[in-house]
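Spelled out from the first residue to the last, the chains are:
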Amino acid sequence: MRTVYRLKPSQGQIRVARWREHRYIPKMVLPTYKLTRFKNKIIAIDGPAGSGKSTTAKILAAKLGYRYLDTGAMYRALTWLALKNNVAPSDASKLKVLAEAIDIQFVTKEDANRVYINGEEITEEIRSPKVTQHVSEVSAHPGVRKVMVHQQQEMGKKGGVVAEGRDTTTVVFPEAHAKLYLDASVTTRAERRLVDLARMGISTTLEELVADIERRDKYDSERKHSPLRRAHDAYVVNTTNCTIEEQVDRILTILKTTFQ
Ligand code: DC
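Parameters and conventions
- Residues numbered from 1 in each chain as written.
- Predicted model: local features only at pLDDT ≥ 70, side-chain atom pairs only at ≥ 80, totals over all residues.
- Heavy atoms only, no water.
- Helix = DSSP H or I, 4+ residues; strand = E, 2+ residues; numbered from the N terminus.
- Expected span 1.5 Å × (residues − 1).
- Buried < 20%, exposed > 50% of the residue type's maximum accessible area, 1.4 Å probe, protein only.
- Polar contact = N/O pair within 3.5 Å; in protein donor to acceptor, adjacent residues only side chain to side chain.
- Pairing = 2+ DSSP bridges.
- Contact = heavy atoms within 4.5 Å.
- pLDDT = per-residue confidence, 0-100.
- Near = heavy atom within 4 Å.
- Areas by Shrake-Rupley, 256 points an atom, 1.4 Å probe, with all protein chains shown as cover.
- Nonpolar A, V, L, I, M, F, W, Y, C, P; charged D, E, K, R; others polar.
- Axes fitted to C-alpha atoms, helices over the stretch in contact; angles between N-to-C directions.
- Core = buried A, V, L, I, M, F, W, Y, C linked by side-chain atoms within 4.5 Å.

Asker: Help me understand helix α2 (residues 71-84), please; the structure alone is not making it clear to me.
Answerer: Along an α-helix, residues three or four positions apart point the same way, because every turn accommodates 3.6 residues. Counted at 1.5 Å a residue, the expected span for α2 with its 14 residues is 20 Å, and the 20 Å between its end C-alpha atoms agrees. Among the 14 residues that make up α2, 11 are buried, leaving the element largely enclosed by the rest of the structure. Buried residues of α2: T71, A73, M74, Y75, R76, A77, L78, T79, W80, L81 and A82, and no others. The N-cap residue of α2 is D70: its side-chain oxygen and the backbone nitrogen of G72 are 3.3 Å apart. Of the residues flanking the end of α2, it is N86, one or two places downstream, whose phi is positive at about 55 degrees.

Asker: Can you walk me through the pairing of strand β6 (residues 161-164) in this structure?
Answerer: Two faces make up the sheet, and in a regular strand the side chains alternate between them. Alternating residues of β6 divide into V161 and A163 and V162 and E164, and every residue in both groups is buried. The pairing of strand β1 (residues 42-46) with β6 spans 4 bridges and is parallel. Looking across to β6, one finds that I45 is bridged to E164. Pairing geometry for strand β2 (residues 67-70) and β6, over 4 bridges, is parallel. Paired with D70 across the two strands is E164, which belongs to β6.

Asker: I keep staring at the environment of P89 and nothing clicks. Help me out?
Answerer: Looking at the element boundaries, P89 is found in the loop between α2 and α3 (92-101). As a C-alpha pair, P89 and V135 span 46 residues in sequence and 7.9 Å in three-dimensional space. In this structure, P89 is in contact with L95, H134, E137, V138 and H141, ignoring residues within four places of it in sequence.

Asker: I would appreciate a short explanation of the confidence of the model for the protein chain in the present structure.
Answerer: Caution applies to low-pLDDT regions: their predicted coordinates should not be interpreted in detail. Scored by pLDDT, the protein chain comes out at a mean of 84, with 85% of its residues at no less than 70. Segment residues 1-32 is flagged for pLDDT under 50; beyond a separation of four residues in sequence, or across chains, it makes 88 contacts in the model.

Asker: I tried to follow the site of the ligand on my own but got confused; where do I start?
Answerer: Neighbouring residues of the ligand: 16 residues in total, closest T71, R76, R145, D167 and R216. Between the ligand and T71 there is a distance of 2.9 Å, counted from a nitrogen atom to a side-chain nitrogen or oxygen. Between the ligand and R216 there is a distance of 2.8 Å, counted from an oxygen atom to a side-chain nitrogen or oxygen. Contact with the protein chains covers 98% of the free accessible surface of the ligand, which is 450 Å². Ranked by residue count, the leading element in the shell around the ligand is α2, at 4 residues. Its residues assigned to classes, the shell around the ligand comprises 2 nonpolar, 5 polar and 9 charged.

Asker: What is the right way to read the sheet that holds β2 from this model?
Answerer: Sheets are built from strands paired through backbone hydrogen bonds, the pairs being either parallel or antiparallel. Strand order in the open sheet made by the 5 strands is β2-β6-β1-β7-β8, with parallel pairing throughout. If you trace the sheet from one side to the other, it starts and ends with β2 and β8 (235-238), each paired once. Between one strand axis and the next, the sheet turns by 20 degrees as a mean value, whatever way the strands run.

Asker: Just checking my understanding: could you explain the nonpolar core for this structure?
Answerer: Most often, soluble globular proteins keep nonpolar side chains buried together rather than apart. Core analysis: the biggest nonpolar cluster contains 35 residues, and L69, L78 and F106 have the highest contact counts within it. Where this core is concerned, the elements lending two or more residues are β1, α2, α3, β3 (104-109), β4 (112-117), α4 (129-139), α5 (142-156) and β6. When residues of this core are assigned to their parent elements, the largest contribution, 8 residues, is made by α2. Residues F38, I45, A61 and V162 belong to the second largest nonpolar core, which totals 22 residues.

Asker: When you look at the pairing of β4 in this model, what are you seeing that I'm missing?
Answerer: Counting buried positions along β4 gives 5 out of 6 residues, so the element sits mostly inside the fold. One ladder, built from 6 bridges, connects β3 with β4; its direction is antiparallel. Residue pairing in the sheet places T108 in a bridge with N113 of β4. In terms of strand pairing, β4 meets strand β5 (residues 120-121) through 2 bridges, oriented antiparallel. Bridging across to β5, I117 finds its partner in E120. Connecting β4 to the antiparallel partner β5 that follows it, the hairpin turn spans 2 residues, and N118 within it adopts a positive phi of roughly 45 degrees.

This is the structure:
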């Protein structure tokens, strides 16, 4: 697997980023931080679907000049490839072979995180309802997880990374320097997903999304291998009534305390 990260932090300073990508954040300049306390840390963010993990991780990574490791996107990319090649989401051995051969690249372009698989851009395709419907099953196979977790550990081992996904605090980086568990009510999570999908031109209903999130929560927390759970030493941040700015501010306060 080859990973390309274009957002490189400048020496000793956290990058000042313009973040226009996400709906919550209008055009604005993020503040500059000194890096010393934050140098080469691994920050892991866990939590259920729609809890704000991705948005938070992207903004934190940009603020800190870290790389953003979106582990869910890796399972989604594999699911997309499997569907494209008519590999059933239940076929553990073929999926493992695909996972071993997959070449996923993350490229930060114009402050947005783009996903490529074997050279082809699939940033939006991996968010389609079809991929979303099958990704839980694909990601539940232990053989698939073993390959993916190893790749994620390789990508993050040098630090300077915000790793996001539902086992990053427990399995991928149990020794992370800071662990965060984000949570929010099911309705809030479904509303956020609805807005995200609408931005991509995908139409669905709130009821469908609530049902989908409940189904995925149940599946992800009850599955045998790497179920969704809170690490005992993770900070729990409930984001139900938070704007993204408030959420990121709360997390930065936690990180400043943790790294002092
Ligand atoms: O965060 P997300 O919705 O993009 O994740 C897609 C799916 O991938 C989710 O249903 C569970 C799975 N996943 C996982 O099993 N382990 C991870 N570290 C990240 C995601």
